[in-house]
Structure formats: C-alpha cells, structure tokens
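A structural walkthrough
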Amino acid sequence: MPQLIFGLTSLLILARFIWPLDWPLPAKIVVAVLVLVALQFHRWNRLSSGSEFSPEFPRPVVALFNWAFGALMLLALLQLALDAGLIVAATIHGGIVGAPDGVRYAIAALAAAAAAIGVHQAMRIPPLNDVEIAIRGLPRQFDGYTILQLTDLHISRLFPASWAREVVARSNKLDVDLIAITGDLIDGTIDARRNDIAPLGDLIAADGVYVISGNHEYIFGYDAWMAHYAALGLRSLENRHIVLERGGGRLVIAGITDRASRRRAHPVRDLAAVLDGAPKGAPIVLLDHQPSDARNAAALGVALQLSGHTHGGLILGIDRLAAPANAGFVSGRYDVDGMTLYVNNGTALWPGFALRLGRPSELTRITLRVADNA
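Starting afresh in each chain, residues are numbered from 1 along the sequence in its written order. Owing to the predicted nature of the model, reporting of local features is limited to residues with pLDDT of at least 70; listing and counting of side-chain atom pairs is limited to 80 or more, with chain, interface and lining totals taken over all residues. Where side-chain values are given, they derive from all heavy atoms of the structure, hydrogens and water being excluded.

**Quick word on the overall build of the protein chain**
- To qualify as a helix, a DSSP run of H or I must reach at least 4 residues; to qualify as a strand, a run of E must reach at least 2; elements of each kind are numbered from the N terminus. Of regular secondary structure, the protein chain possesses 11 helices and 12 strands.
- Computed over its C-alpha atoms, the radius of gyration of the protein chain comes to 23 Å, within 12% of the 21 Å expected for a compact globule of 374 residues.
- With the principal axes as the frame, the protein chain shows a C-alpha extent of 80 × 50 × 40 Å.
- Here's how the labels work: a residue is buried when its accessible area is under 20% of the maximum for its type, exposed when over 50%, partly exposed in between, all with a 1.4 Å probe on protein chains only. Counting the 374 residues in the protein chain, one finds 55% classified as buried.
- Should any heavy atoms of two residues lie within 4.5 Å, those residues are counted as being in contact. Put simply, of all contacts in the protein chain between residues at least 6 apart along the chain, 76% involve residues at least 24 apart.
- Surface summary for the protein chain: the accessible area is close to 16000 Å², and the carbon and sulfur share equals 60%.
- We score Asp and Glu as negative and Lys and Arg as positive, and we do not count His or the chain ends. Note on charges: their place is set at NZ of Lys, CZ of Arg, CG of Asp or CD of Glu. Each charge class in the protein chain can be summarised by its mean position, and for the 32 positive and 32 negative side chains these summaries are 2 Å apart. With the radius of gyration taken over C-alpha atoms, the globule rule is written as 2.2 Å times the number of residues to the power 0.38. All accessibility values rest on the Shrake-Rupley procedure with a 1.4 Å probe; residue burial counts only the protein chains present in the view.

So, in structure tokens, the structure goes:
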C-alpha cells in the first residue's frame, strides 16, 4: 500500500506539475528523476540497514531526505488543491483553464518552505508541556503527584546520543516523581543504537523510571531490546502493575504490552489479568503505547491512560487521517466513558517521515489532582 501511494504521488507530480511547465525536455527529465529518487526514500533506507524503519545514513542525509520527501508529499497535496480550483474555474468559465508557471513555482516554494519548517520542528528538543489531570478517588496524599511521559523517542541516526542526552538533561531538571516511557524508544538494532540510547540510563525520578514496549520494539527484536532497557535501569512495566503508597494512600501504575504482540509469538494482551490483585478503590494509571483500546481500559476501571504512537497526526489539518486506525484518538486529552485518555504527540517520531506542522513534540509533565467531586 505505501508503494502504491508513493507511486500515485510520483505520477501526480510528473503529470500535473512537471510536464505542464514551460521547460526544455532534458530539464524536465532531470527533475523527474530527482523526484523519483526522493520518493523512494524508504527503499534507500532498506538498502542502508535492511529495514525501511532504520535509515543508517549520516544524520544530515537523513534530514535532507525527510525534507525532500516531505516537500514532495506537500506539493502533491497543493497540486491537488490547485487542480480542484482549476476544475471549478473551468466550470464557471465554460472552458479549459490553465495555471501559469508562476503559480506552480509558488506552490513548490510553499511546499519546500513548509517542509523545512516541519523537519526543524520534528528534530528539535521538545518543549515542556504541562498538563493537569483531575482523578476521581485520588488520595489526597497524591494530589500534585508528577509523571513525566516520554514516548516515541525513536532513537536513531536522526535522534542520536547528543539529542538523547539533552532530552535526559531537561527531563531530570523537572524533578518529577515518576518517569513513564510509553514505547517506541528505538529504530534500529542494539548494535546500531547501543551508544545512542545509553543516555536514557541517566534518567532519574524519585519513584523510578518505567518503560513499556511500542510496535517498533517488535520490529527490531522485542526480547533483546526489553532486556537492554532493563540493563540501562529502565524498569519494565510490561503486563504488570505496581502499587505506590504515600501516608496510607495508594496509586496503581500499570502497563501492558503493545498491540503488535497480537501478531507475534508473545502472550495475548489481557488487561484484566494485568490489573488482577490491584487494591480496590485505588485509582489506576495505565501505560499503553497505542490509544485504540481505551474504551476497554475505561470499562475495567482505569482512571487515566497514557498513550502515544500517533505522533499527534504530524500535520494539523490532515491529522484526522490517523484517526480511523486509532479509534478516533490522535492528540491530546479525551474523556473516554469517564476515563481520561492522554495521547502524547511524542518526544520525537519515526525518522521515515520526520515532519511536524502544528502538532509539536512534547516533554509532557502530568500533574495529578484530586477531582472536585472526589
């Protein structure tokens, strides 16, 4: 399916953008070849590493590919909008209406500039996003409890050790009670990412640093990566829960393996089993990489679910394309049958389409508050 989409994008740009330009044929051929090369970005990734999910080119090359790929995808959307406008104009004027080359140059410049901004937004160290969430039944002892959610770090050539060190430094300065990493920490094998992910071992929180898997852990060797996270001091919360106690008050933090486990030789997701034995009446915070099963979590009494996976839909305005695959949950806070779901835009994102416009990355500090009616 992706190759079909990229093929149709190539055809659209070649037929509706390049061919109508008043250029000599050799120039059109050269530009057409460059377009085809850029839109095969994921094939080049496969040649560099054996996987389209792990580009192993130098960081500037990965950034340049993302800019070119993103610019062409945006150009295709703008070209579709232009063609729709030409159809409307033709209907009004009763004949074929063309667009001058200047209009095409303008939409190309707009696409290139937007892609450059988008790649810069994607690669930056994420800003702090403070979120307060009221929890029914939260013990007074946990009012003001802080959780730093990191998710979708996608440690890779695009987000290397230097980037990870800065994220860790900023995270530790926040002095939160607990750090929750909700999956997709890496893109690449342990041999390729060993040095890049090492800074995560320096994360510090009073009640610990906990991690669950995302779908990308299954791409690059789930068992090996989960063991490596543990060796770094990141405590696995896969398919289990812990109980935090403060002055007689209790708070449950639970985690569940990613939905990708359903397609692999791993235990079936069973949230009821994960929560079995949790103290009655204690509010439950669930870490689940993907937000799709939020209604099931709500039905089982979870008070707050923290998820990621969607990257916030990447681009404001077309982010709803991500909604159907995620039960309608894409970015931010949702009330799901009385449970609060927070879908994090991500600390970083997959280096195969590293572009953000209107959906910024975030270091998310969540402060729990006692609900007024508690």
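Moving on from the coordinates now.
**Remarks on the UniProt feature "transmembrane region" (unreviewed entry) in the protein chain**
- UniProt positions are given in the numbering used here, feature names are shortened, and annotations may be inferred rather than shown by experiment. According to UniProt, the feature "transmembrane region" (unreviewed entry) maps to residues 25-41 and 61-82 in the numbering used here.
- In the segment residues 25-41, helix accounts for 94% and strand for 0%; the C-alpha atoms at its two ends are 25 Å apart.
- In this annotation, residues 61-82 is assigned 100% helix and 0% strand; the end-to-end C-alpha distance for the span is 31 Å.

**Structural notes on the sheet that holds strand β8 (residues 284-287)**
- The sheet built from 6 strands is open, its strands ordered β6-β7-β8-β9-β11-β10 with mixed pairing. In this open sheet, the two strands that pair with only one neighbour each are β6 (240-246) and β10 (332-336). Across this sheet, the average inter-strand angle for adjacent strands is 20°, counted without regard to direction.
- The pairing criterion for strands is at least two bridges between them, as found by DSSP. One ladder, built from 3 bridges, connects β8 with strand β9 (residues 304-307); its direction is parallel. Axes here refer to lines fitted to C-alpha atoms; in helices the fit is confined to the stretch in contact. Angles between the N-to-C directions go from 0 to 180 degrees.

**Let's talk about the packing of aromatic side chains**
- In this analysis, rings of Phe, Tyr and Trp, with Trp reduced to its six-membered ring, are considered paired at centre separations within 6.5 Å, and the interplanar angle assigns stacked below 30 degrees, edge-to-face beyond 60, and tilted for intermediate values. Evaluated as defined, the whole model comprises 11 aromatic pairs.
- Arranged with centres 6.5 Å apart and planes meeting at 25°, the rings of Trp23 and Tyr105 form a pair that is stacked. Residue Trp23 is found in the loop between α1 (2-18) and α2 (25-39), and its partner Tyr105 is found in helix α5 (residues 101-123); the two are separated by 82 residues along the sequence.
- According to the relative accessible area criterion, Tyr105 is partly exposed, its value standing at 39%.
- Here the aromatic cluster, defined as three or more aromatic residues joined through ring pairs, consists of Phe41, Phe57, Phe65, Phe69 and Phe353.
- Charges are assigned to positions over rings by a cutoff of 6 Å between ring centre and Lys NZ or Arg CZ, combined with an angular limit of 35 degrees from the ring normal. The residue whose ring lies beneath Lys28 is Trp19, and the NZ or CZ to ring-centre distance is 4.6 Å.

**Some thoughts on unusual backbone geometry**
- The phi dihedral of His154 falls on the positive side, at around 45°, and the residue is not glycine.
- The exposure class assigned to His154 is buried, which follows from its relative accessible area of 0%.
- Unlike most non-glycine residues, Asp337 shows phi in positive territory, near 50°.
- With respect to the helices, strands and loops of the structure, Asp337 is situated in the loop between β10 and β11 (339-343).
- Asp337 sits in the exposed class, given a relative accessible area of 56%.

**Considering the nonpolar core**
- Counting residues in each nonpolar core, the largest one holds 73 residues, and the members touching the most others are Trp163, Ile179, Ile181, Leu185, Ile197, Tyr229 and Leu234.
- When residues in this core are grouped by element, the largest group, 13 residues, is from helix α4 (residues 59-93).
- Structurally, this core is a two-domain feature, drawing no fewer than three residues from each of domain 1 (1-123) and domain 2 (128-370).
- Those residues in contact with Ile179 that lie beyond four places of it in its chain are Leu148, Leu150, Leu203, Ile204, Ala205, Gly208, Val209 and Tyr210.
- Of all hydrophobic cores here, the second largest spans 25 residues; its members include Phe142, Leu178, Tyr210 and Leu244. Within this scheme, the nonpolar core is defined by two criteria: the residues are buried Ala, Val, Leu, Ile, Met, Phe, Trp, Tyr or Cys, and they are joined through side-chain atoms within 4.5 Å. Domain limits in this description derive from either an automatic procedure or a database domain assignment.

**Description of α2**
- Take the residue count of a helix, subtract one, and multiply by 1.5 Å to get its expected span. Over its 15 residues, α2 runs 21 Å from end to end, which matches the ideal 21 Å to within 8%, given 1.5 Å per residue.
- Within α2, burial applies to Lys28, Ala32, Val35, Ala38 and Leu39. Buried positions in α2, seen along its axis, are confined to an arc of 125° and lie on one side of it. Every exposed residue of α2 that faces more than 90 degrees away from the buried side is listed here: Pro26 and Leu34. The arc refers to the directions leading from the helix axis to the C-beta atoms.

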